Amino acid sequence: MSLSQASGGQQTSSSAQVIELLNNAQMNTGDNSKLDSLKIVQEIVVHKEPDLLDNFLDEILAFQTDRNQEVRKFVVAFIEEACKKDAEILPKVITNLQMMLGDDSVAVQKRVIQAMTHLYRSTLRWMSGGQSISDRMEAAWGLMVNIKDLIVELLDSDNDGIRTLTLKFMEMIVLTQTHREPESAVKENDFCLDDIPLGLKQARPRKLEVDARRVFDDMVKYHGSAHISSANLMTCMGALSNIAKLRPEFMAKVITALEMLHANLPPTLAKSQVSSVRKHLKNQLLTLLKHPFAAEQFFTNITTLLTDLGASRDEVMKAMPHYEEMKRKARKKEREAAKAAARAEEEATEAKRQKIDIADDEEDDEDDEEDETVSRVPRRSFDRMESAVDITEKFVFERLKEPSFAAELVMLSMQFLPREIPPHFNNTYTPIAAAGTETQVRHVSRLLAAQLTNVGLGPGVRFAEEQRQRKLALGAQEEEDIGATNIPNLGEDEDLAKVKLTPTGLTHRSGRKGHTLKLSEVTKPLSESTKKIMILDAVQRILKCEKAASVGGVTDVRIKIITSLAASFSHEVRGILLDFIFEDLLNRADLAFNWLYEEYCFCQGFNRSSNIYKRKPGDDNTYNEILCSLINGLNTRTEILPSDRDSILRRLYLESPIITSEAIGLLKQFCQEPGRALSGVSLMKDLVLKRPVKQLNFLNSILEFCSHEENEVRDTALSTVLSLYERGELASIIEDYSGMFLRFLLLPRPPDMLFGEDRGRPIMMNEWTEDFIKVCLNLFLALLPKCKKLLTNLAEVYVSTSGDIKRTILRIIETPIREIGMESPELLSLVENCPKGSETLITRIIHILTEKATPSPELVNKVRELYAHRVADVRFLIPVLNGLSRQEVTAALPKLIKLNPGVVKEVFNRLIGITTNRASGAMSPAELLIALHNIDPTKCDTKTVMKATSYCFQEKSVYTMEVLTIVLQQLMEQKDIPLLLMRSVLQSVSLYPPLIGFTMNILQRLIVKKVWKQRTLWDGFIRCCQKTKPQSYTIMLQLPPRQLSQLLKEAEDLRDPLLVHVQNFTDAQRQHVPATIMAVLYNSEPEPEPEPEQEEETI
């Protein structure tokens, strides 16, 4: 067998395989299997056997009418691959491509745009390759140009994805139909206007370049539009930056467009989108800065923008290696530009006029050659021409240099500022690093110029308009010249116009059609009023035959007819059916539900008659109207029993196919009616659990009720939310919502969310009150015992709130804190890591926990460590005093008794165990009083200690006579007698007179300890003798004569009674009184006694 025979046999087998695969694709109903067959066909006819492509082209392109969009997308991909393989096949498929651009499926349209992005460039490349171009190919190129124009118009499409792909297509047009420059960035396979021969009549380079500039201007205009989406904006930004790098002649316009974007961000962007756009803008500017031409010509513009966008110096230097050198060059150019601005403008205008004059010639070929020559020259004159923003910038800068003008401009603008800072400003504002410098003034001038240019004001706009009008006039003249030159070729154009391309694979032989019977020819149409009356009468008859249908066993058929009529015809039919249902709601509830489901079928497009009645899929207005009418009827009709109303309402919400937003609003109103909160919120809870599609809507409604003004509604909602929280799946949402309301306390005024008819507060308030504070804390505090990790959030908010809010928080946290308990790890962690400023909150929490219970060792350790290392306030120790050791309490007492009286009494009560359930506190009453007497005077003044001991003596139930006896006895046994001993002795005798005998014993021991050597104790001794006379006479007679004389001098009222007392002695008793004592009593000075060498005992 010869080689040609083998090749022919192989082609025959491939052809048979393709036929079989195409037949399978035609017969197959499965979309995946059909696509698989077609992909195999593409592999064979395009890559393996290209000779078969022309044979089966019609059969493959016939699939462009398939119902499956994936199959239609395959056809587009096949056309793209086929044209890449053989460009001459384009005339056969270009019409198909044009038809598929108008496909109903957005996905197919997007695929056509993608294919055209490659086909347009490849076709132009093929035409520039020197091949002979047939009439059909020329016609195909004309259609491709039309498709290009259609795609450019899709920039106004409603679909975001189509607009994105259109921008990429327009980028390709600009790059393909403009000249490459020496400064252009290097790109592989960069096909451009330089590669198109001058003699190509079908695509003249000059016209292509003009078209590319028009497309570029459209991109810039779209880039600055106010309603552009964030995705399209970032795509357009990237496309313009890429054009600027590859075609530096557009660099000035791109930089200006980016500056205007920075000054006029679209107002429709969300907060996160603004952040993304600014970040993308910064990245594009850093990329442009790496381009030598941009760094040389626009260094100041780019770096100023980058500074405003938050770029650091390191980032700029990383993008621009010769940062300092470029900065110096930029300053030098600014100075030179300022000196020669007028001259540069004249030169630029002159250069532009010369360039326009060059293009005038009489012959087309020469015209193209000269255009090519001009466009290939480096376009320094174009680059140096000032834009409208540049001209307006100079105009503004000259005026801003005047301080009075700048101040007046600011004052005039103040009246237009909003009362509150807009979120958009907060997201975009960056601090001004070099305010007042010339560079910053120029930057402000440029921002103002961008704003003015954007609204069509300023000298730059006027200059640009004059230039545009001049260009239009010159262009019109050139078109007349070109038209006169092209007159002999009109005949050729007419011949070319006769070539008409038809879509491949879609032409079929039409058969003869018979005459169709039309009812309009044999019937007379009824008037609208007559038709309406007939329909309403028919509906009434069907409704009245309820019993007959039940007897005949066709109840379901009757219900189907009724619901179909109600869903298909006018509002009158619906009104009649509603009245019929409410006449016997309990027995006709099923009819209402069938009606709802019939409307649902229309709404979802399940009913085949949807198109006939012009019911669009997804339009739920009619369904919503019926559902809300049923709900309102239930609530307004008084003849329905409350129990029946609640049960049917529950069925309506639980069994209806969908619940609309208006129906949710009606349920919220129902919950706010008196006495219906429990049933309404309970229904919402069931809807949260059983209607997952609207779960978050119903949960949000219940959460809103947690801040309602009515106690019944609020309490019911709180208990419902807690039960939902315990289920677990909605816990994070509830926690976030409670945290949001807690953070409302950080605002200067109550938020608008707290007010409105649905919140029970129709009148808005501008100041925080205790009620509003509690409203924001209700849900959070109810949730706190179940989610103890929220304690950290409470502490963070507490630190930043006002004093009134802090006091309210301290008052109302008692109940949840008691439920949490002191063993909670989260609470112990909060105490350990106490945020700065929340010390009073932590103290209050510990106080609540320890008020009626003994603090746990863990809590005591945390507080002890916090007091030792971070919080030096002794009040922090008060709640855990019972857990501290006696030494720690004694060390803290000097600071504790300096607090206000109420706190001191609380401290004493905690120490001796009065306020707790313990049998005893950290100290016994006697130990506390002894510790007070032994406080070092250097750590606490005596007056404060005296007040503290007085608080003890006031507690007669605690400090009994026995306790005071123990205290005085132990104080007397100390080596150093406290200074306040005698005061305590006097108070004890005043409280308990039977202690006089014990007091005499103390006085006697004090004489032994030479009490007169300490003035304070001696004064107390004298007052005690005065208070306890006559029992103290015996003690005074035991004093040495000198000390007795001193005592009687200081207390003259004791001399005569003491003398009388001695005179009443018997002779035997008088003999025991020393003569020196008697002399003192008779007011004679005693002789000085020699001091003993060693005292027996001193104080």
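The rules behind these values
Residue positions within a chain follow its written sequence, with the count starting from 1. Where totals are concerned, whole chains, interfaces and linings use all residues; where local detail is concerned, this predicted model gives features only for residues with pLDDT of at least 70, and gives and counts side-chain atom pairs only at 80 or more. For the side-chain quantities, the full set of heavy atoms in the structure was used; hydrogens and water were omitted. Helix and strand assignments follow DSSP, with helices taken as H or I runs no shorter than four residues and strands as E runs no shorter than two, numbered in order from the N terminus. Burial classes follow relative accessibility: with a 1.4 Å probe on protein chains only, a residue under 20% of its type's maximum area counts as buried, one over 50% as exposed, and anything between as partly exposed. When checking whether two residues touch, look at their non-hydrogen atoms; a contact exists if any pair is within 4.5 Å. Criterion for a salt bridge: a side-chain nitrogen of Lys or Arg within 4 Å of a carboxyl oxygen of Asp or Glu. Fitted lines through C-alpha atoms give the axes, limited to the stretch in contact for helices. The angle between two N-to-C directions lies from 0 to 180 degrees. By the definition adopted for this analysis, an angle is roughly parallel if under 35 degrees, roughly antiparallel if over 145, roughly perpendicular if from 65 to 115, and oblique otherwise. When the near helix sits turned anticlockwise from the far one by under a right angle, the crossing is termed left-handed; a clockwise turn instead gives a right-handed crossing. Nonpolar residues are Ala, Val, Leu, Ile, Met, Phe, Trp, Tyr, Cys and Pro. Charged residues are Asp, Glu, Lys and Arg, and all others, Gly as well, are polar. The criterion is simple. A nonpolar core is a set of buried Ala, Val, Leu, Ile, Met, Phe, Trp, Tyr and Cys residues joined through side-chain atoms within 4.5 Å. Pairing of aromatic rings covers Phe, Tyr and the six-membered ring of Trp, with a centre-to-centre limit of 6.5 Å; geometry is then stacked below 30 degrees between planes, edge-to-face above 60, and tilted otherwise. What makes a patch is a set of residues exposed beyond 30% relative accessible area and free of salt bridges, joined within 9 Å when like-charged and within 5 Å when nonpolar (Val, Leu, Ile, Met, Phe, Trp, Tyr). With residues, only the protein chains shown are counted as cover, and all accessible areas are computed by Shrake-Rupley using a 1.4 Å probe. Known as pLDDT, the predictor's per-residue confidence is scaled from 0 to 100. Whenever a nitrogen or oxygen atom comes within 3.5 Å of another N or O atom, the pair is scored as a polar contact, on the condition that within protein one atom can donate a hydrogen and the other can accept it, and that pairs from neighbouring residues in sequence are kept only if both atoms are in side chains.

### Considerations on the overall build of the protein
And then number 1: Helix and strand counts for the protein come out as 58 helices and 0 strands.
And then number 2: Expressed as a percentage of its 1099 residues, the buried residues of the protein come to 45%.
And then number 3: Here the contacts in the protein between residues at least 6 apart in sequence split such that 70% fall between residues at least 24 apart.

### Side note on the pattern of salt bridges
And then number 1: In total, this model carries 28 salt bridges according to the counting rule given.
And then number 2: The partner of Asp752 in a salt bridge is Arg749, and the shortest N-O contact between them spans 3.5 Å.
And then number 3: When its relative accessible area of 48% is taken as the criterion, Asp752 is described as partly exposed.
And then number 4: With a relative accessible area of 24%, Arg749 lands in the partly exposed category.
And then number 5: Where Arg807 meets Asp804, a salt bridge forms, and the shortest distance between an N and an O atom there is 2.3 Å. Of the two residues, Arg807 and Asp804 both sit in helix H41 (residues 803-812), 3 residues apart, roughly one turn of that helix.
And then number 6: On the accessibility criterion, Arg807 (46% relative accessible area) is partly exposed.
And then number 7: Residue class for Asp804 comes out exposed when judged on its relative accessible area of 51%.
And then number 8: In the salt-bridge network here, residues are joined through shared partners; they are Lys148, Asp149, Asp211, Arg214 and Asp218.

### Overview of the packing of helix H27 (residues 528-544) against helix H30 (residues 571-583)
And then number 1: Contact geometry for H27 and H30: axes closest at 10 Å, N-to-C directions at 20°. Relative to H30, H27 is oriented roughly parallel. Pair H27 / H30 crosses with right-handed handedness. Side by side, H27 and H30 meet where Lys532, Ile535, Leu536, Val539, Gln540 and Leu543 of the first sit next to Glu572, Val573, Ile576, Leu577 and Phe580 of the second.
And then number 2: Residue composition of the contact of H27 with H30, grouped by class: 8 nonpolar, 1 polar and 2 charged.

### Quick word on the nonpolar core
And then number 1: Within the largest apolar cluster, 189 residues are counted, with the highest numbers of intra-cluster contacts made by Tyr653, Leu745, Phe908, Leu932, Leu1006, Phe1021 and Leu1081.
And then number 2: Element by element, the count of residues in this core is highest for helix H39 (residues 770-783), at 9 residues.
And then number 3: Ignoring sequence-local partners within four residues, the contact set of Leu1081 consists of Leu1037, Leu1044, Leu1048, Arg1055, Leu1058, Leu1059 and Val1062.
And then number 4: One finds Val108, Phe169, Ala244 and Ile255 within the second-largest nonpolar core, a separate group that totals 111 residues.

### A closer look at the side chain of Asp211
And then number 1: The residue Asp211 is located in helix H9 (residues 205-223) in this model.
And then number 2: Excluding its chain neighbours within four sequence positions, the residues that come into contact with Asp211 are Lys148, Ile173 and Gln177.

### Quick notes on the packing of aromatic side chains
And then number 1: Scanning the model with the defined rule gives 10 aromatic pairs in all.
And then number 2: Where Tyr120 meets Phe169, the ring centres are 6.3 Å apart and the plane angle is 70°; that geometry is what we call edge-to-face. Residue Tyr120 is found in helix H6 (residues 106-127), and its partner Phe169 is found in helix H8 (residues 160-176); the two are separated by 49 residues along the sequence.
And then number 3: Assessed through its relative accessible area of 0%, Tyr120 is described here as buried.
And then number 4: The interplanar angle of 90° and the centroid separation of 6.4 Å between the aromatic rings of Trp1012 and Trp1018 together place this pair among those described as edge-to-face.
And then number 5: You can call Trp1012 buried: its relative accessible area is 18%.

### Considerations on a nonpolar patch on the surface
And then number 1: Residues Val410, Met411, Met414 and Leu417 make up a contiguous nonpolar surface patch of about 430 Å² in total accessible area.
And then number 2: Looking at Met411, the relative accessible area reads 60%, which means it is exposed.

### Things to note about the confidence of the model for the protein
And then number 1: When pLDDT is averaged along the protein, the result is 76; 81% of the residues meet or exceed 70.
And then number 2: Predicted confidence in the protein is weakest over helix H19 (residues 380-384), with a mean pLDDT of 37, and strongest over H8, with 90.
And then number 3: Ignoring residues within four places in sequence, the model shows residues 1-8, a span with pLDDT below 50, making 1 contact including any to other chains.
And then number 4: Considering only residues more than four positions removed or in separate chains, one finds that residues 482-498, a stretch of pLDDT under 50, has 9 contacts.

### So, the packing of helix H7 (residues 135-153) against H8
And then number 1: Close contact between H7 and H8 brings their axes to 9 Å; oriented N to C, the two are set at 130°. Here H8 runs oblique to H7, going by the angle between their axes. H7 and H8 meet at a crossing whose hand is left-handed. Where H7 abuts H8, its residues Lys148, Ile151 and Val152 lie against Thr166, Phe169, Met170 and Ile173.
And then number 2: Partitioned by chemical class, the residues of the contact of H7 with H8 number 5 nonpolar, 1 polar and 1 charged.

### Notes on the side chain of Thr801
And then number 1: Its place among the elements puts Thr801 in the loop between helix H40 (791-800) and H41.
And then number 2: The class for Thr801 is buried, based on a relative accessible area of 9%.
And then number 3: One polar contact links the side chain of Thr801 to the main-chain carbonyl oxygen of Tyr798, over a distance of 3.0 Å.
And then number 4: Contacts of Thr801, omitting those with residues within four sequence positions, involve Leu745, Leu746 and Lys806.

### Overview of H41
And then number 1: Within the span of H41, buried status applies to Ile805, Thr808, Ile809 and Leu810.
And then number 2: Where H41 is buried, its residues contact H39, H40 and helix H44 (839-850).

### Side note on the environment of Ser229
And then number 1: Relative to the helices and strands, Ser229 is located in the loop between H9 and helix H10 (230-246).
And then number 2: Sequence spacing of Ser229 and Asp160 is 69 residues, and the spatial spacing of their C-alpha atoms is 7.7 Å.
And then number 3: Setting aside chain neighbours within four positions, we find Ser229 in contact with Asp160, Arg163 and Leu269.
And then number 4: Among the polar contacts made by the side chain of Ser229, one reaches the side chain of Asp160 at a distance of 2.6 Å.

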